[in-house]
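Chain residues, written in single-letter form:
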Amino acid sequence: MALKSNLRLKASKRLLYVSLIIIIGGFLRFWELDKDSYWLDEGASLFTVNRSLTEMIEFEPNPPLFNIVLHYWIKLFGIKEQFTRLLPALFSLISLFFVFKLAKRLFY
């Protein structure tokens, strides 16, 4: 009985820690998202995704998944800085959760 409550306490502590990390990570990623103008790599991405899908896949030597998603993201939300930076920020925030799951699997 005590072992189950101890395991439940550890699991709730882990959930609290992960939640705090994701909240702090979200704050750091979304705070002043549109403060600076586009950087060189962002400009190159926007240049790439403003083409047709076939041209974009032929032009870009890297795997095209992010550029395809960004292509439709821009069609949906526009090309303002805060919206174009929101997609990578969301991807990186989601990756925090998956890094936690991977670390839990590897080290617990």
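The coordinates are above.
Here the structure is a predicted model, which is why all the values come from computation and not from measurement.

**Student:** Is there a simple way to explain the environment of arginine 85 in this structure?
**Tutor:** Of note, arginine 85 is situated in helix α5 (residues 81-107). Looking at arginine 85, the relative accessible area reads 10%, which means it is buried. Sequence separation between arginine 85 and arginine 8 is 77 residues; the distance between their C-alpha atoms is 38 Å. If near-sequence neighbours (up to four positions away) are discounted, arginine 85 is found in contact with Leu33, Asp34, Lys35, Asp36, Ser37, Tyr38, Trp39 and Glu42.

**Student:** Would you mind showing me how to read the nonpolar core here?
**Tutor:** In terms of nonpolar packing, the biggest core is built from seven residues, these being Leu46, Val49, Met56, Leu70, Trp73, Ile74 and Leu87. Sorting the residues of this core by element identifies α2 (40-49) and α4 (65-77) as the ones contributing at least two each. The greatest single-element share of this core, amounting to three residues, is contributed by α4. With residues up to four places along the chain from it excluded, the contact list for isoleucine 74 reads Leu46, Val49, Ile79 and Thr84.

**Student:** How do you make sense of the pattern of salt bridges when you look at a structure like this?
**Tutor:** Close approach of charged atoms allows side chains with opposite charge to pair. On inspection of all chains with the given rule, the structure shows two salt bridges. Across the salt bridge formed by lysine 35 and glutamate 32, the nearest N and O atoms sit 3.7 Å from each other. Between glutamate 42 and arginine 85 there is a salt bridge whose closest N-O contact spans 2.8 Å. Linking glutamate 42 in helix α2 with arginine 85 in helix α5, this pair joins segments that are 43 residues apart in sequence.

**Student:** Just checking my understanding: could you explain a nonpolar patch on the surface for this structure?
**Tutor:** On the surface, a cluster of nonpolar side chains totalling about 790 Å² of accessible area is made up of Leu16, Tyr17, Leu20, Ile24, Phe27, Leu28 and Trp31. Along the chain, tyrosine 17 turns up in helix α1 (residues 2-30). On the accessibility criterion, tyrosine 17 (48% relative accessible area) is partly exposed.

**Student:** Any chance you could explain the side chain of arginine 85 here in plain terms?
**Tutor:** A polar atom in the side chain of arginine 85 sits 2.8 Å from the backbone oxygen of serine 37. In this structure the side chain of arginine 85 is engaged in a polar contact, spanning 2.8 Å, whose partner is the side chain of glutamate 42.

Cut-offs and rules
Residues numbered from 1 in each chain as written. Predicted model: local features only at pLDDT ≥ 70, side-chain atom pairs only at ≥ 80, totals over all residues. Heavy atoms only, no water. Helix = DSSP H or I, 4+ residues; strand = E, 2+ residues; numbered from the N terminus. Buried < 20%, exposed > 50% of the residue type's maximum accessible area, 1.4 Å probe, protein only. Contact = heavy atoms within 4.5 Å. Core = buried A, V, L, I, M, F, W, Y, C linked by side-chain atoms within 4.5 Å. Salt bridge = Lys/Arg side-chain N within 4 Å of Asp/Glu carboxyl O. Patch = residues over 30% accessible without salt bridge, like charges linked within 9 Å, V, L, I, M, F, W, Y side chains within 5 Å. Areas by Shrake-Rupley, 256 points an atom, 1.4 Å probe, with all protein chains shown as cover. Polar contact = N/O pair within 3.5 Å; in protein donor to acceptor, adjacent residues only side chain to side chain.

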